[in-house]
Amino acid sequence: MDFVGQSILSVDQFERADVERVFDIADAMAPYAHRTHITRVLRGAILSNMFFEPSTRTRISFGSAFNLLGGEVRETTEIRETSFAKGESLQDTARVLSGYSDIVVMRHPQPGSVSAFAGASRVPVINGGDGANEHPSQALLDLYTVRKEMAVLGRGIDGLRIALVGDLKYGRAVHSLCKLLGLFSRVAFNLASPPGLEAPPEITERLQTQGHVVQQSHHLERSIHHVDIVYVTRTQEERFASPAEANRYRGLFRLNQAVYTEHCEPNTVIMHPLPRDSRSEARELDDDLNANPNLAIFRQTDNGVLVRMALFAMVLDVVDQVHQHAMPVTWYTGKRTPR
Ligand code: NCD
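In this text the structure is predicted, and so the values were computed from the model without any measurement.

## Describing the packing of aromatic side chains
Okay, step 1: Inspection of every chain in the model, using the stated rule, returns six aromatic pairs.
Okay, step 2: For the pair Phe-3 and Phe-14, a centre-to-centre distance of 4.6 Å together with 25 degrees between the ring planes defines the contact as stacked. Residue Phe-3 is located in the segment before helix H1 (16-28), and its partner Phe-14 is located in the segment before H1; the two are separated by 11 residues in the primary sequence. This pair shows no difference in class: Phe-3 is buried, exactly as Phe-14 is.

Here's what the structure looks like:
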């Protein structure tokens, strides 16, 4: 599938070869993301960046990715500042916005809402997260990061051993990442959550049907022995019926340097989609890991720009033209290359 003109709503749209193509295109975006060159391949194009839930990384990195390709960005970040607050349907908003832009990125609290919006849109729509359902671009950047981190060790994604820990029930990034990993071979999943926050059975059953080894537990420490990656997640407090209910789970799973040293192999890579909850009652990923070279969280955020540039280039059909519009940068750029 070439994705030209297509909305990207779910990782289910991707086969393994599609994922590998996204990664190859993302690799080719490095000169622009790292500011050795600029490209203006999307000059004149407009992105509507519609975020109806809090977002820092996803919103800014989608916007930066579009700007880095030469396009313009229009943003709405608050539901009360749009006509949804006056009762306008998603479908009407989609018809209107698609008249103003060439592509839309949307985040919304309701599962399925971005698909409903895309059904009425005249331009492609990328899902920036729909409730607890999916977060396809996050899963792609996470897997791209896994690929890069494993490559340093001379390994690939096949045969990966990964622990996904924390709120696996509501974490849409985990849901999408598990589905993408399912496309590869012989992945060993350790899924560890507090009781009540287990991964949805449809995801675990699908992984087992695909032949992967899935172990589920309620123990952080035991789950992180003998894994290549520990992927930590935040309690998704915004999905619980009340703050009191979310508080029951906060702070139950905490990865810090002492736990890492005692239980992880020396090369285990630590990932998190971010934001991490640094309040004292939570701290699922402690700041004392910041000096640990295996902490990949900011390599993940940097990789997000590359992957989102790749998605725009594919959907808007400019993959082969990006370099034709390239020029060296003219300003001081410092040292931006990660690692
Ligand atoms: C994630 C999300 O919004 O699902 N954040 C992100 O996009 N990087 C994870 C989270 O909020 O915990």
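## A word on the pattern of salt bridges
Pairing of side chains with opposite charge becomes possible as their charged atoms draw close.
Okay, step 1: Overall, the coordinates contain 20 salt bridges when judged by the stated rule.
Okay, step 2: Between Arg-16 and Asp-158 there is a salt bridge whose closest N-O contact spans 3.0 Å. Placement of the pair is Arg-16 in helix H1 and Asp-158 in the loop between helix H6 (136-152) and strand E6 (161-165), with a sequence separation of 142 residues.
Okay, step 3: On the accessibility criterion, Arg-16 (28% relative accessible area) is partly exposed.
Okay, step 4: With a shortest N-O distance of 3.4 Å, Asp-287 and Arg-276 are connected by a salt bridge. Pair noted here: Asp-287 is in the loop between strand E10 (269-271) and helix H12 (297-315) and Arg-276 is in the loop between E10 and H12, with a separation of 11 residues, a long-range link.
Okay, step 5: The class for Arg-276 is buried, based on a relative accessible area of 16%.
Okay, step 6: One salt-bridge network, in which partners are shared between bridges, spans Arg-155, Arg-161, Asp-228 and Glu-265.

## Remarks on the sheet that holds E6
Okay, step 1: Across the sheet, five strands lie side by side as E8-E7-E6-E9-E10; this open sheet has parallel pairing. Looking at strand neighbours, the two that pair on one side only are strand E8 (213-217) and E10, the edges of this open sheet. On average, each strand axis in the sheet is inclined to that of its neighbour by 15 degrees, with strand direction left out of account.
Okay, step 2: Relative to strand E9 (residues 229-232), E6 runs parallel, the two being bridged by four bridges. Bridged to Val-165 within E9 is Val-232.
Okay, step 3: Of the strands in this sheet, E6, strand E7 (188-192) and E9 touch helix H7 (residues 172-181), which is tilted by about 160 degrees from E6.

## Examining the state of the cysteines
Okay, step 1: In the structure shown here, the tally under the stated rule is zero disulfides.
Okay, step 2: No disulfide involves Cys-178; its sulfur sits 18 Å from the nearest other cysteine sulfur, which is in Cys-264.
Okay, step 3: Accessibility expressed as a relative area gives 11% for Cys-264, which makes it buried.

## With respect to the domain arrangement of the protein chain
Many analyses report the size of an interface as the accessible area lost when the parts associate.
Okay, step 1: You can read the domains of the protein chain as domain 1 (11-134 + 304-328) and domain 2 (136-298).
Okay, step 2: Computed from C-alpha coordinates alone, the two centres of domain 1 and domain 2 are separated by 25 Å.
Okay, step 3: Of the residues lining the interface, 29 residues belong to domain 1; the matching set on domain 2 comes to 26 residues.
Okay, step 4: Between domain 1 and domain 2, the buried area comes to about 2,300 Å², and carbon and sulfur atoms account for 58% of it.
Okay, step 5: If you sort the residues of domain 1 by the area they bury against domain 2, Val-11, Arg-16 and Phe-23 come out on top, with a joint share of 27%.
Okay, step 6: At the boundary of domain 1 with domain 2, the tally comes to seven salt bridges.
Okay, step 7: Between Glu-53 and Arg-172 there is a salt bridge; the shortest N-O distance is 3.0 Å.
Okay, step 8: Applying the counting criterion to the domain 1 and domain 2 interface returns 11 residue pairs in polar contact (both at pLDDT 80 or more).

Cut-offs applied
Residues numbered from 1 in each chain as written. Predicted model: local features only at pLDDT ≥ 70, side-chain atom pairs only at ≥ 80, totals over all residues. Heavy atoms only, no water. Phe/Tyr/Trp six-rings, centres within 6.5 Å; stacked < 30°, edge-to-face > 60°. Helix = DSSP H or I, 4+ residues; strand = E, 2+ residues; numbered from the N terminus. Buried < 20%, exposed > 50% of the residue type's maximum accessible area, 1.4 Å probe, protein only. Salt bridge = Lys/Arg side-chain N within 4 Å of Asp/Glu carboxyl O. Pairing = 2+ DSSP bridges. Axes fitted to C-alpha atoms, helices over the stretch in contact; angles between N-to-C directions. Contact = heavy atoms within 4.5 Å. Disulfide = S-S within 2.5 Å. Domains from an automatic or database assignment. Buried area = accessible area lost by both parts, 1.4 Å probe. Polar contact = N/O pair within 3.5 Å; in protein donor to acceptor, adjacent residues only side chain to side chain.

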